[in-house]
Amino acid sequence: MSERPVLPPVLHIRGRVLVGPGPDGGPDLDVRDELWVVGGRITYERPRGARETVRLTGWVLPGLVDAHCHVGLDAHGAVDRAAAEKQALADRAAGALLLRDAGSPADTRWIDARTDLPHLIRAGRHIARTRRYIRNYAQEVEPADLVAAVRHQAARGDGWVKLVGDWIDRERGDLAPCWPAGALRAAIAAAHEAGARVTAHCFAEDSLPDLVAAGIDCVEHATGLTEETIPLFAAHGVAIVPTLVNIATFPGLADGGEAKYPRWSAHMRRLHARRYDTVRAAHDAGLDVFTGTDAGGALPHGLIAREVAELRTAGIPVHDALGAATWRARDWLGKSGLTEGAPADLVVYADDPRQDLGILADPQRVVLRGQIVA
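Residues numbered from 1 in each chain as written. Predicted model: local features only at pLDDT ≥ 70, side-chain atom pairs only at ≥ 80, totals over all residues. Heavy atoms only, no water.

## Side note on the overall build of the chain
As a reminder of what qualifies: Only DSSP runs of H or I reaching four residues or more are called helices, and only runs of E reaching two or more are called strands; each is numbered from the N terminus. Computation of the radius of gyration draws on C-alpha atoms, with the globule rule given as 2.2 Å multiplied by the number of residues to the power 0.38. Under the scheme applied here, a residue whose accessible area is under 20% of the maximum for its type counts as buried, over 50% as exposed, and between as partly exposed, the area being computed with a 1.4 Å probe on protein chains only. In this description, contact between two residues means that some pair of their heavy atoms is separated by no more than 4.5 Å. Here the accessible surface of atoms and residues is derived via Shrake-Rupley with a 1.4 Å probe, and residues count as covered only by protein chains that are part of the display.
Looking only at helices and strands, the chain features 12 helices and 20 strands. Taken against the 2.2 N^0.38 rule, which gives 21 Å for 374 residues, the C-alpha radius of gyration of the chain at 21 Å falls within 12% of a compact globule. Overall, the chain is about 70 × 50 × 35 Å in size when its C-alpha atoms are taken along their principal axes. Buried residues in the chain amount to 54% of all 374 residues. Of all intrachain contacts in the chain linking residues separated by at least 6 positions in sequence, the fraction that spans at least 24 positions is 66%. In the form shown here, the chain has an accessible surface area of approximately 16,100 Å², with 49% of it arising from carbon and sulfur atoms.

Right, here's the structure in full:
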C-alpha cells in the first residue's frame with residue numbers, strides 16, 4: 001500500500017500583506033490583513049478543518065526577484081553543483097525566490113528538481129564575439145554563426161537568450177559594438193521565432209540603436225543610455241536591468257586598466273559618474289526598470305536588497321523601486337505573486353518596507369513553495 005504524500009502544514013500569516021498594485025495601478029497597494037497557505041498555495045479564504053497550523057506575523061511581500069544573476073558561474077567560469085547550490089541558497093536567504101540567470105556555462109537544470117531552491121529562469125550561455133568577452137564564460141562566434149548560436153542557446157534556456165552587445169575592442173582601446181546590424185536583426189528574429197526573448201549586455205552608447213532597431217527585448221546595465229536613445233527604448237518597449245551594485249565596481253576596473261587602455265578607463269568612469277542620472281531619466285521616460293545584481297561573476301549572491309536601495313538612491317520612487325523587485329518583475333517574467341491559488345513564495349518582514357527599504361535586508365521568514373525555508 002503506497003504511503004500518502006506528506007503535506008506541509010497550513011500557514012496562517014497575519015499582519016499586512018502587500019498583495020500588489022491597486023486597480024488604478026498607482027502607488028496605493030492592495031493590502032490585506034492575512035493569508036493562508038494550504039497545500040503549498042496561497043488562499044485568502046479561511047481553510048476548514050486544518051489540523052496543523054503554523055502562525056506567522058509581519059509584513060508580507062512576494063518572493064523578491066533578481067532579474068540578472070548567474071547561478072553556476074564565478075569569476076573563472078563554470079562552478080560545480082556544490083558551489084552553485086551555495087549561490088542559490090544565498091539568494092534564498094536574502095528573500096530572492098525568482099532568479100533570471102543571465103548567462104551561465106554550467107548546466108543547472110538539476111535545480112528544477114530541488115523544491116528548496118529558488119525558481120530559476122535561464123538564458124542559456126552568453127553569446128559573444130570571438131575573444132571579445134570574459135574567458136570561459138560565453139559561446140564565442142563570429143557574425144555568420146550568430147543565428148545558429150542563438151537557436152542553440154534558446155533551446156538551452158527558459159525563454160531568454162543573452163547576447164554580449166559590446167565589449168572592449170583592443171585595437172580601439174575602448175568599448176565598441178560586437179555585432180553588425182544585419183546579424184543582430186537575423187539573430188533576434190530567430191530567437192523570437194523560437195519563442196525566446198533576447199537581452200544584451202551593454203555598457204556603452206554605440207550598440208544601443210542597432211539593438212533597438214533589431215527588436216531587442218531588454219538591455220542589461222544600460223549605462224550608455226542617452227537623451228537620444230532613451231526615447232527609442234520607450235517607443236519600442238525595451239526594458240532595462242541596471243545592475244547598479246555591479247556598476248559600482250567601474251572605478252576599480254578603470255584603475256586596473258588605466259595603463260593599458262586609458263581611453264576605456266576614462267569612458268568607464270564617465271558611465272559610472274552619471275549612472276544614477278541615467279537610471280532616473282529612463283524611469284521618468286516610462287521605461288520598465290527591474291532589479292538585478294549581476295551576482296555570480298565577481299559579486300556574491302544575496303545582494304538584492306542593496307540593488308533595491310540603489311534604485312532609490314537613483315531617485316526612483318519607493319513604490320517603483322519595490323515593484324521592480326516584486327510585482328512588476330514577476331509579471332514581466334510570467335510568474336505570479338500573492339494571488340489566490342498561486343504558489344506560496346513569499347517573504348515576511350518585521351516592519352513596512354515602504355517606510356524603510358533597508359528592511360528588505362532583514363527577512364524574518366522566507367516561504368518557498370509553501371515551506372518555511374529560512
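So that's the structure; there's more coming.
## A closer look at the packing of helix α7 (residues 250-257) against helix α8 (residues 262-273)
Axis angle and axis distance: for two packed helices, these are the angle between their axes and the distance between the axes, and together they describe the pair. Put simply, the rule reads: Note on geometry: axes are lines fitted to C-alpha atoms, helical ones only across the stretch in contact, with angles between N-to-C directions running from 0 to 180 degrees. For this classification, under 35 degrees means roughly parallel, over 145 means roughly antiparallel, 65 to 115 means roughly perpendicular, and everything else is oblique. Here the term charged refers only to Asp, Glu, Lys and Arg, the term nonpolar to Ala, Val, Leu, Ile, Met, Phe, Trp, Tyr, Cys and Pro, and the term polar to all other amino acids, Gly among them.
Their axes nearest at 8 Å, the elements α7 and α8 cross at an angle of 170 degrees. Comparing their axes, α8 and α7 come out roughly antiparallel. Listed contacts from α8 to F250, P251, L253, A254, D255 and G257 of α7 are P262, W264, S265, M268, R269, L271 and H272. Partitioning the contact of α7 with α8 into residue classes produces eight nonpolar, three polar and two charged.

## Notes on the nonpolar core
Within soluble globular proteins, side chains that are nonpolar generally end up buried alongside one another. Just so we agree on the cut-off: Side-chain atoms within 4.5 Å are what join buried Ala, Val, Leu, Ile, Met, Phe, Trp, Tyr and Cys residues into a set we call a nonpolar core.
Residues I127, L146, L163, L225 and F233 are the most contacted members of the largest nonpolar core, which totals 92 residues. The element contributing the most residues to this core is helix α3 (residues 181-193), with six residues. Those residues within four positions of L163 in sequence are excluded, and the remaining contacts are I127, L146, V150, L184, V198, T199, A200 and H201.

## Things to note about the sheet that holds strand β8 (residues 96-101)
Definition in use: Pairs of strands are assigned from DSSP output, requiring at least two bridges between the strands.
Pairing in this open sheet of three strands is parallel, and the strands run β5-β8-β9 from one edge to the other. The sheet terminates laterally at β5 (64-69) and β9 (119-122), the two strands that pair on one side only. Pairs of neighbouring strands in the sheet enclose a mean axial angle of 20 degrees, with direction left out of account. The pairing of β5 with β8 spans four bridges and is parallel. Each residue of the ladder has a partner; that of C69, found in β8, is D101.

## Details of α3
Applicable threshold: Take the residue count of a helix, subtract one, and multiply by 1.5 Å to get its expected span. Directions from the helix axis toward the C-beta atoms define the arc.
With 13 residues, α3 extends 18 Å from end C-alpha to end C-alpha; this agrees with the ideal 18 Å at 1.5 Å per step. Regarding α3, the residues found buried are A183, L184, A187, I188, A190 and A191. Taken end-on, α3 shows its buried residues confined to a sector of 155 degrees, consistent with a single buried face. The inward-facing, buried residues of α3 abut α2 (146-156), β12 (160-164), β15 (197-202) and α4 (208-214). Positioned one or two residues after α3, G195 has a phi angle of 85 degrees, which is positive.

## A look at unusual backbone geometry
Look at N136: it is not a glycine, yet its phi comes out positive at around 75 degrees. On the secondary structure map, N136 appears in the loop between β10 (127-129) and β11 (139-141). With relative accessibility at 45%, the residue N136 sits in the partly exposed group. Phi is positive for H221, close to 75 degrees, though the residue is something other than glycine. Topologically, H221 is positioned in strand β16 (residues 218-221). Overall, the relative accessible area of 4% leaves H221 in the buried class.

## Topic: the sheet that holds strand β19 (residues 365-368)
Across the sheet, which stays open at both edges, the seven strands sit in the order β3-β2-β1-β4-β18-β19-β20 with mixed pairing between neighbours. Two strands lie at the open edges of the sheet, namely β3 (41-43) and β20 (371-372), each paired on one side alone.

## Focus on the pattern of salt bridges
Side-chain pairs of opposite charge can arise where the charged atoms are in close proximity. As a reminder of what qualifies: A side-chain nitrogen of Lys or Arg and a carboxyl oxygen of Asp or Glu constitute a salt bridge if their distance falls within 4 Å.
Tallied over the full model, the rule gives 17 salt bridges. With a closest N to O distance of 2.8 Å, D116 and R114 form a salt bridge. The closest approach of N and O atoms between R129 and E142, which form a salt bridge, is 3.0 Å. In this pair, R129 sits in strand β10 while E142 sits in the loop between β11 and α2, placing the two residues 13 residues apart along the sequence. When salt bridges that share partners are traced, they join E85, R114 and D116 into one network.

## Considerations on the packing of α2 against α3
We apply this condition: Each crossing gets its hand from how the near helix is turned against the far one by less than a right angle, where anticlockwise is left-handed and clockwise is right-handed.
For the pair α2 and α3, interaxial distance at closest approach is 9 Å and the crossing angle is 25 degrees. Classified by the interaxial angle, the pair formed by α2 and α3 is roughly parallel. Between α2 and α3 lies a crossing whose hand is right-handed. Across the interface between the two elements, L146, V147, V150 and R151 from α2 touch A183, L184, A186, A187, A190, A191 and E193 from α3. For the contact of α2 with α3, the residue count by class is nine nonpolar, no polar and two charged.

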